[in-house]
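Spelled out from the first residue to the last, the chains are:
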Amino acid sequence: MTDTTTDLVRLSATETAGVIARGEASAADVAKAHLDRIGAVDGAVHAFLHVDAEGALAAAREVDDKRARGEEQGPLAGVPLALKDVMAQRGVPTTCGSKMLEGWRPPYDSTVVTRLRAAGVVILGKTNMDEFAMGSSTEHSAYGATHNPWDLDRIPGGSGGGSAAAVAAYEAPLAIGTDTGGSIRQPAAVTGTVGVKPTYGGVSRYGLVAFSSSLDQAGPCSRTVLDAALLHEAIGGHDPRDSTSIDAPLPPVVAAAREGAQGRLDGVRVGVVRELSGEGYQPGVEQRFHEAVDLLRELGATVTEVSCPHFQYALSAYYLIAPSECSSNLARFDAMRYGLRVGDDGEHSAEEVMALTRAAGFGPEVKRRIMLGTYALSSGYYDAYYGSAQKVRTLISRDFAQAYEQVDVLVSPTTPTTAFPLGSKLEDPIAMYLNDLCTIPSNLAGGAAMSLPCGLSPDDGLPVGLQIMAPAMADDRLYRVGAAVETALADRWGGNLLTQAPELQEKA
Amino acid sequence: MKTVEPDLVPYDEAVAAYDVVMGIEVHVELSTASKMFCGCSTAFGAEPNTQTCPTCLGLPGSLPVLNQQAVESAIRIGLALGCDVAEWCRFARKNYFYPDMPKNFQTSQYDEPICFDGATTVEVEGREFVIPIERAHMEEDTGKSLHVGGATGRIHGADHSLVDYNRAGIPLIEIVTKPIEGTGALAPQVARAYVAHLRDLLRSLGVSDVRMEQGSLRADLNVSLRRAPEAPFGTRSETKNVNSLRSVERAVRYEISRHAGIIDAGMKVTQETRHWHEDTGITTAGRSKEQAEDYRYFPEPDLVPVAPERAWVEQLKAALPEPPAVRRPRLQAGWGFSDLEMRDVLNVGALDLIEQTVAAGTAPAAARKWWLTELARRANEQGVELDALPVTPAHVATVQSLVDAGELNDKLARQVFEGVLAGEGTPEQVVEKRGLKLVSDDGALTAAVEEALAANPDVVAKVRGGKHQAAGALVGAVMKATKGQADAARVRELLLERIGVDH
Amino acid sequence: MSSITRDEVAHLARLARLQLPEDELEHYAGQLDAILHAVARVTEVAGEDVPPTSHPLPLVNVTRPDETHRSLTAEEALSGAPAAEDSRFRVPRILGEEA
Ligand SMILES: [Zn+2]
């Protein structure tokens, strides 16, 4: 691999777009460089389930043609992107990490894909994920786990581990993730990248294969805060195909990221959530988190501690609401119209074929959650389980509302621990669920939240994520604060945290 | 599993011994241009699976968006039935697996219907019955399965099934009554009158084609018996998807006899769904409610709540068409029909048809004559509703105008209707193709008249001798010769002229 | 909260159309029971006076005009079908009745 190629894959999205716009490299060259990088390292990382080299090069050439014709192009034209395999892309395999959808090619594009195409973004392929986005480690993918580029024996987070790992491993400067309980932010935290869960309704869910409709939200994954903002702006905004999409202008996320990069946070009120620390939190994670809070003070922010007393019930509420909605959302996978069909031998009835297929096509975590949700919704249990969980949701929203009367943003560690070894929590669902302790409240309340790197844990040398949370439709606050922290830390570290990651062995 | 059922009790004995309680659920397909949650067309009769999209096929990632017109129609139906309109209501998911249901849940309204607590009045044999309305809510239709390999095309014994999702997602309004009590022996007729009343109401609102034979209006009939009106409700059966007025009446009647038979035999009525068989006039057992599914309803997260603005609801209310209870006396007075005539009109469901025929320029008496005699007879022969005949009010108006112009007589007019019913085209086309014009041109008639005179000298002599009524035989001969296409009055004129007597 | 039995898991699997072997039923019973015990604490704070939240944002009345769009062709609609016949989805024989 040439040095130029190496350079191209190490650029941020913003830099890449500049290189292409100035004609220093063609979009096709950039796409090829990334395809080469994928070829060289993805055998070890396994971030991708499907690489669409042909589609990517065609899209890149289109950007180059437009440039040659002198057409005006957006700020991400020609920038490669890795798409989480939960997003429908016309004619491209979309499996959601499940055997159930092996070989399925959607006859339509998700709105996110439509907008990416319009922005001239080059989609390289589809990334690995926990099956139907259920998991925190990517080990629940039917196609094998993704490996953390910082330590290949560790998890890259989940469910969007493929997207985060692709960004961390320089396979793509940008990726799309989806976040139901932390599936963008937790992988970002454990891979030393940036991930944003936009306000619920901020990015269209049309074409996002639903796990839990009232919680799911697509968002950007990147190596810098400004890149995330540019991608957020490209995919965000009202979509009439999604009834839950907010019909209002997107908050000025890009402007906020640029403002934040100026460095100061004078007048910004930051709240530290008392309930998101203490027992169960890795000391190295807490140490880096407290240092980040000190940094916020140094940058001029006012920091206070706030209490959100019902956050302690968030995990429980989440593990009732999400499985309930999932049990219904995943009912459509029944072997009748698309996807896997098992047992259609002329003897088995449609009902039996459905049950045989679903037993064969879903992995254990998905089955667990479907049954859990079926239970929580069933007559006699609805009020106690699903009904109570929805009340907790109200209480958590009230906690947020009260906190935001005092502060502009809330902060916490993104995850209680750094990346754990592959296989270490696979047999203990509850331990696995605890990964989402800090991220879930934002999903339940619909607010916006970001994870960005705040250092390496001194106890294991692995990345730690800082979570910033903001009220619904105040996504710009995340970018302002995030960019300020990022700039200050880059000064301290002499560059992005990822520059401290070990080099991946490239396959010749 | 077959169970032996006791004999039916004759209807009169059944209603003498028991008090009937009914509950009627009517599903009506709205005549919106697009489906409930997507922009696919609702047009009837398209090629299979050509009116589907990711949303109504339930493809992964697809999302629903509610049809504004369907909401408006639902509210108007509710208002016309005297319902309250919800300030705020949601959709829910009704979860169950079935191959013709793309998402394996039906998006429906559960405990928060858009319209609730209404009442409407129907008349049977001069008595008024108030039908209390529980709710009217929005939901979506399912796809359609074709069962292949079985002897009868029925689901049992089929080898496999073929599914067409064109119908999946078509907007439905489900109108549910509260228990209908106090109908006594008139229960079957009240049920029929209520469904007919709904049909007329929905048609006057312009919200549905209400084509029962196409399934755009279908009724589920709940029937139960008890010893006395004071007794608690008995166990009910639910006869599903009954799709003609006649069948509504017959199915209720049958169920009353069947229930009475079971109770008389000291057995217990099973709470179950029943299937109505049009051909044999009986119901058979379907799914027992004891093995009923647990539908796990919960609020549909992909759709936001519906909160109709009060001002809009008031506006819709003000713009409702005239209620039948006002409209009927108005039309009756305008048409000059007697009470008896009007009752007949209502009984055969000809009110709208006559109104439209009159609007097309036909005299009310003539319009009534055609719809209540010739056409009602045809409908009865074919076992369909009057409005299901291919003859339209415009056709009737055309035929009557030809009669009025002397171009057709009643006999020929009946042949024109026969042609239209046989699918030979419009009345004009049938007249053309069958050559059904009255021969009134004198040149053509003269030859036939001369022939008749020459062939019947004795009759001619009688007429000349003053027996004018004897001319009838000559008229008959001419009519026979012209295959009935002559204008009889003109023939008589010509004959008398030739014979040389005054007429 | 009661604990969840193997029979209940079998019932849930039936409702959810999952054909599970005996050993898996036992296995899931244990896991579901543990999870349900862990999450049951939602009932501690869910008072009568707390309204439930079904939608995170308070949007209402989102509708579309009654206009038709271009539908998929039958080929596109059937493109993912495990089996098709006469432009229809071919499915194994159906035993049950519609709800
Ligand atoms: Zn559609």
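Refer to the structure printed above.
Residues numbered from 1 in each chain as written. Chains lettered and ligands numbered in written order. Predicted model: local features only at pLDDT ≥ 70, side-chain atom pairs only at ≥ 80, totals over all residues. Heavy atoms only, no water.

Let's shift gears to the sheet that holds strand β9 (residues 160-164) of chain B. Read from one edge of the open sheet, four strands run β8(B)-β9(B)-β3(C)-β2(C), paired in antiparallel fashion. Sheet topology places β8 (144-148) of chain B together with β2 (84-85) of chain C at the edges, where each strand pairs with a single neighbour. By the bridge criterion, two bridges tie β2 of chain C to strand β3 (residues 88-92) of chain C in an arrangement that is antiparallel. Within β3 of chain C, the residue paired with glutamate 85 of chain C across the bridge is arginine 88 of chain C. (Pairing = 2+ DSSP bridges. Helix = DSSP H or I, 4+ residues; strand = E, 2+ residues; numbered from the N terminus.)

What follows is about the interface of chain C and chain B. Contacts between the two partners involve 36 residues from chain C, matched on the other side by 63 residues from chain B. Residue assignment for the side of chain C that touches chain B shows that the elements contributing at least two residues are β1 (63-64), α4 (74-77) and β3 of chain C. Here the side of chain C that touches chain B gets five residues from one element, more than from any other, and that element is β3 of chain C. Taken together, the residues of the side of chain C that touches chain B sort by class into 15 nonpolar, 10 polar and 11 charged. Here β9 of chain B runs beside β3 of chain C; their pairing, made up of four bridges, is antiparallel. Each residue of the ladder has a partner; that of histidine 160 of chain B, found in β3 of chain C, is proline 92 of chain C. (Contact = heavy atoms within 4.5 Å. Nonpolar A, V, L, I, M, F, W, Y, C, P; charged D, E, K, R; others polar.)

Further remarks concern unusual backbone geometry. All names here are of chain A. In the segment running from glycine 158 into serine 159, the intervening peptide bond is cis, with an omega of 5°. Take serine 159: it is sitting in the loop between β3 (122-127) and α6 (161-168). A positive phi angle, close to 65°, is found at threonine 138, a residue other than glycine. Among the secondary structure elements, threonine 138 is positioned in the loop between β3 and α6. Judged by its relative accessible area of 0%, threonine 138 is buried. (Buried < 20%, exposed > 50% of the residue type's maximum accessible area, 1.4 Å probe, protein only.)

Throughout the structure, instances matching the rule amount to 64 salt bridges over all chains. Note that aspartate 344 of chain A and arginine 341 of chain A form a salt bridge whose closest N and O atoms lie 2.8 Å from each other. Of the residues examined, aspartate 344 of chain A reaches a relative accessible area of 37% and is grouped as partly exposed. Judged by relative accessible area, which is 17%, arginine 341 of chain A ranks as buried. Within the structure, one salt-bridge network assembled from shared partners comprises Arg199, Asp200, Arg203, Arg327, Arg328, Asp352, Glu355 and Asp387 of chain B. (Salt bridge = Lys/Arg side-chain N within 4 Å of Asp/Glu carboxyl O.)

Attention shifts here to the coordination of the zinc ion. Residues and elements named next belong to chain B. The protein atoms donating to the zinc ion are Cys38 (SG), Cys40 (SG), Cys53 (SG) and Cys56 (SG), with metal-donor distances spanning 2.3 to 2.4 Å. Considering all four donor atoms around the zinc ion, the spread of angles at the metal, 102 to 116°, places the coordination shape in the tetrahedral class. Mapping the donors of the zinc ion onto the primary sequence yields the spacing C-x1-C-x12-C-x2-C. Linking cysteine 38 in the loop between β1 (19-29) and β2 (66-67) with cysteine 56 in the loop between β1 and β2, this pair joins segments that are 18 residues apart in sequence. (Donors = N, O, S within 2.8 Å, 3.2 Å for Na, K, Ca; no water. Tetrahedral: all angles 85-135°; square planar, octahedral: opposite > 155°, others 65-115°.)

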